[in-house]
Amino acid sequence: MVYMFLNGGGMRGGPLHHQLRGAPLVRVARSAPKYRYYSVADRFPAMAEVGEGGCAVVGEVYDLPLETLRDHLMPAEPDELELGVIELADGTACLATVLRKEYAGTEGLTDISAVGDWRAYLSGRPDPPAGG
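Below is a short write-up of the structure. For clarity, every value in this text was computed on a predicted model and none was experimentally measured. (Residues numbered from 1 in each chain as written. Predicted model: local features only at pLDDT ≥ 70, side-chain atom pairs only at ≥ 80, totals over all residues. Heavy atoms only, no water.)

So, the sheet that holds strand 8 (residues 109-111)
Stage number 1. Spatial ordering of the open sheet is given by 4-3-8, a layout of 3 strands whose pairing is antiparallel. Both outer strands of the open sheet, strand 4 (44-49) and strand 8, are each paired with one neighbouring strand and no more. Between one strand axis and the next, the sheet turns by 35 degrees as a mean value, whatever way the strands run.
Stage number 2. Inspection of the sheet shows strand 3 (residues 35-40) paired to strand 8 by 3 bridges, in the antiparallel sense. Within the sheet, the bridge partner assigned to valine 40 lies in strand 8 and is leucine 109. (Pairing = 2+ DSSP bridges. Helix = DSSP H or I, 4+ residues; strand = E, 2+ residues; numbered from the N terminus. Axes fitted to C-alpha atoms, helices over the stretch in contact; angles between N-to-C directions.)

Structure below.
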C-alpha cells in the first residue's frame, strides 16, 4: 500500500473515484505551497512543481494498493499526466499524478492556482465539464 494524493476526478464523488476499487480515504490534505495548479482544457487538473510562486492544492490522500495504482488508476490517467512524488503541507511525501514537463506552457492550460481546488474551480464555471 502507498499513499496517493488525488486532486481531481478520483476524489470522493468524482467520475473516476471507482478506479480506486474501495481504497480507504486516509485524510483530506493540502500540498505544500510549491505547485502551480492548472485546468487542462477544463477536462482535468494538473499540478506542476515550481521554484517559487507556488500554491497549496486541495486533495485527498488514499491508502492505495500498488496493484490498483498499476492496473486501474494509472491506465485511466490522460497522457498529459505522469506519476510523481509530491510534498504535502505537513512535509509528508506522497505519490500523485503531475503534469508532464513536455506539456508545461502548452495551449489549453489555464492556471487555477489562485483557486487551488478542482471542485471549487468547477463550481465557479458557468457550465462545468462532465469529466475531471
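That was the structure; now back to the text.
Quick notes on the state of the cysteines
Stage number 1. Counting across every chain of the model gives 0 disulfides.
Stage number 2. The cysteine cysteine 55 is free of any disulfide, with cysteine 94 supplying the nearest cysteine sulfur at 16 Å.
Stage number 3. What makes cysteine 94 buried here is its relative accessible area of 3%. (Disulfide = S-S within 2.5 Å. Buried < 20%, exposed > 50% of the residue type's maximum accessible area, 1.4 Å probe, protein only.)

Quick look at the pattern of salt bridges
Stage number 1. Inspection of every chain in the model, using the stated rule, returns 9 salt bridges.
Stage number 2. Aspartate 90 is the partner of arginine 27 in a salt bridge, and the nearest nitrogen-oxygen pair spans 3.1 Å. Residue arginine 27 is found in strand 2 (residues 25-30), and its partner aspartate 90 is found in the loop between strand 6 (81-87) and strand 7 (93-99); the two are separated by 63 residues along the sequence.
Stage number 3. Of the charged contacts, one joins arginine 43 and glutamate 80 as a salt bridge, the two residues approaching to 3.0 Å between their closest N and O atoms. Of the two residues, arginine 43 is situated in the loop between strand 3 and strand 4 and glutamate 80 in the loop between helix 1 (66-76) and strand 6; the sequence distance between them amounts to 37 residues.
Stage number 4. Of the residues examined, arginine 43 reaches a relative accessible area of 41% and is grouped as partly exposed.
Stage number 5. Of the residues examined, glutamate 80 reaches a relative accessible area of 15% and is grouped as buried.
Stage number 6. Through salt bridges with shared partners, one network takes in Arg12, Glu60 and Arg119. (Salt bridge = Lys/Arg side-chain N within 4 Å of Asp/Glu carboxyl O.)

Side note on the environment of aspartate 90
Stage number 1. Between the C-alpha atom of aspartate 90 and that of glycine 10, which follows or precedes it by 80 residues, the distance is 22 Å.
Stage number 2. A polar side-chain atom of aspartate 90 sits 3.1 Å from a polar atom in the side chain of arginine 27. (Polar contact = N/O pair within 3.5 Å; in protein donor to acceptor, adjacent residues only side chain to side chain.)

Here we look at the side chain of threonine 97
Stage number 1. Tracing the chain through its elements places threonine 97 in strand 7.
Stage number 2. With near-sequence residues (within four places) excluded, threonine 97 lies in contact with Met4, Met74, Glu77, Leu81 and Glu82. (Contact = heavy atoms within 4.5 Å.)

Some words on the nonpolar core
The tendency in soluble globular proteins is for nonpolar side chains to be buried as a group.
Stage number 1. Formed by 17 residues in total, the largest nonpolar core has its most connected members in Phe5, Tyr37, Met47, Ile86 and Leu88.
Stage number 2. Counting residues per element, the ones that place at least two in this core are strand 3, strand 7 and helix 2 (118-123).
Stage number 3. Setting aside residues no more than four positions away along its own chain, isoleucine 86 makes contact with Phe5, Ser31, Tyr35, Met47, Thr92, Ala93, Cys94, Ala96 and Val98.
Stage number 4. Grouped together as the second largest cluster of nonpolar side chains are 11 residues, Val2, Met11, Leu20 and Leu95 included. (Core = buried A, V, L, I, M, F, W, Y, C linked by side-chain atoms within 4.5 Å.)

Quick word on the sheet that holds strand 6
Stage number 1. Read across the open sheet, the 5 strands follow the order 2-5-1-7-6; overall the sheet is mixed. A strand with exactly one partner marks an edge of an open sheet, and here the two such strands are strand 2 and strand 6. The average undirected angle you get between the axes of adjacent strands in this sheet is 35 degrees.
Stage number 2. Here strand 6 pairs with strand 7 via 7 bridges, running antiparallel. Residue pairing across strands places leucine 83 opposite threonine 97, the latter belonging to strand 7.

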